[in-house]
Amino acid sequence: MDNKKILVVGAGGFIGGFIAGRALDKGYETWVAVRESTSRSYLSDPRLKFIELDYDDTIEMRQKLAKALPEGEKWDYIIYNLGATKCLNFLDFKRINFEYLRSFVESLKTLSLVPEKFLFMSSLSALGPGDEDNYTPIDGHGPASPNTAYGLSKVQAENYLEFMSGIPFVIFRPTGVYGPHEKDYLMMIKSIDSHCDFSVGFKRQMLTFIYVDDLVDAMFAALESPVAVNKKYIISEDRAYSQAEFRKIVADELGKKFVIPVKLPLWAVYCASYVAEKWGKLKLKPSTLNRDKFKIMAQRNWTCDISDARRDFGFSPRFSLREGIKETVKAYREDRQ
């Protein structure tokens, strides 16, 4: 394993830090691609090798990739974790989630740096709404029908890799990823910590989750599997939860005996999303709550079928939601101190 090199693109965020740490633990020579302005708070290990890339400047990016390694060497694996989940302008989703990927892969091909395997982090949102009548688990075998700008940008990236890139790829479509230092689910935990739990819509909603350690385990299992190539995989815990179950688990771990469940009608959440989006544009800062995110929150069925990942690389999540929330709450408390 000592001779294996891995490059983690988009390493500065919540998931990227866990990927880099696991790669080091496994003995990889670990490179992390970040922007000059990217925080390195989760990338403090001195064994990491950095490469700063400007994805808006293809020529400069290509030059830096060409000079990163000695002549004739290349990364064995690349995990592409770069992406945007919220944007001021919905056209930015295409630019960041699709066009950056295409430019990066074309640079690899031009420089003869195509890896043994290229793992792209897509999203379950790329598939669009699931069966909201019978709650049939989403298996990813049907056509992708995203109903959000975010999901569409991920599908564009997937289609490029599958039909035009000519490189050996693996595509992951994870459900909601949570764990220490993640921000979106932290907002829900903070709300429950304040004795309120907000949910959207009155029709039954089934939620799925994947703890960050399980997601990263799956990445390396797929990279090292001889059969997991040129395929797409849904990554999730192998069961779904209602909002009430989620609330109880979080409340138990926080030691909160009294939490008020507040159900908001879809029309009210849409109005709030519209206002928050417009206000964010006025402040030139993308809002977590927006019309694109509203469509995701409104979906009722996130139940997942992970049999493909189980078959091809033995994927079996180690963390139940309760176990993962326990670790997440522990980190939340430590960060408050």
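Above this note sits the structure.
Heads up: these notes are all about the structure in this document. (Residues numbered from 1 in each chain as written. Predicted model: local features only at pLDDT ≥ 70, side-chain atom pairs only at ≥ 80, totals over all residues. Heavy atoms only, no water.)

Quick notes on the overall build of the chain
Argument step 1. Secondary structure assignment for the chain yields 11 helices and 13 strands.
Argument step 2. Against the compact-globule benchmark of 20 Å for 337 residues, the chain has a radius of gyration of 20 Å, which places it among compact chains.
Argument step 3. Dimensions of the chain along its principal axes, counting C-alpha atoms only, are 60 × 40 × 35 Å.
Argument step 4. Within the chain, buried positions represent 50% of all 337 residues.
Argument step 5. The long-range share in the chain, meaning contacts at least 24 apart out of those at least 6 apart in sequence, stands at 78%.
Argument step 6. Of the roughly 15,700 Å² of accessible surface on the chain, 53% is carried by carbon and sulfur atoms.
Argument step 7. Across the chain, 48 positive and 45 negative side-chain charges occur, with their mean positions spaced 4 Å apart. (Helix = DSSP H or I, 4+ residues; strand = E, 2+ residues; numbered from the N terminus. Rg over C-alpha atoms; globule rule 2.2 N^0.38 Å. Buried < 20%, exposed > 50% of the residue type's maximum accessible area, 1.4 Å probe, protein only. Contact = heavy atoms within 4.5 Å. Areas by Shrake-Rupley, 256 points an atom, 1.4 Å probe, with all protein chains shown as cover. Lys, Arg positive; Asp, Glu negative; His and termini not counted. Charge placed at Lys NZ, Arg CZ, Asp CG, Glu CD.)

Section: a positive patch on the surface
Argument step 1. Where like charges cluster on the molecular surface, the positive patch consists of Lys86, Lys183, Lys283 and Lys285.
Argument step 2. Judged by relative accessible area, which is 35%, lysine 86 ranks as partly exposed. (Patch = residues over 30% accessible without salt bridge, like charges linked within 9 Å, V, L, I, M, F, W, Y side chains within 5 Å. Salt bridge = Lys/Arg side-chain N within 4 Å of Asp/Glu carboxyl O.)

Quick look at the nonpolar core
Argument step 1. Within the largest apolar cluster, 98 residues are counted, with the highest numbers of intra-cluster contacts made by Phe104, Phe118 and Phe172.
Argument step 2. Ignoring any residue separated from it by four or fewer positions in sequence, one finds phenylalanine 104 in contact with Leu7, Val9, Leu53, Met61, Leu65, Ile78, Tyr80 and Phe118. (Core = buried A, V, L, I, M, F, W, Y, C linked by side-chain atoms within 4.5 Å.)

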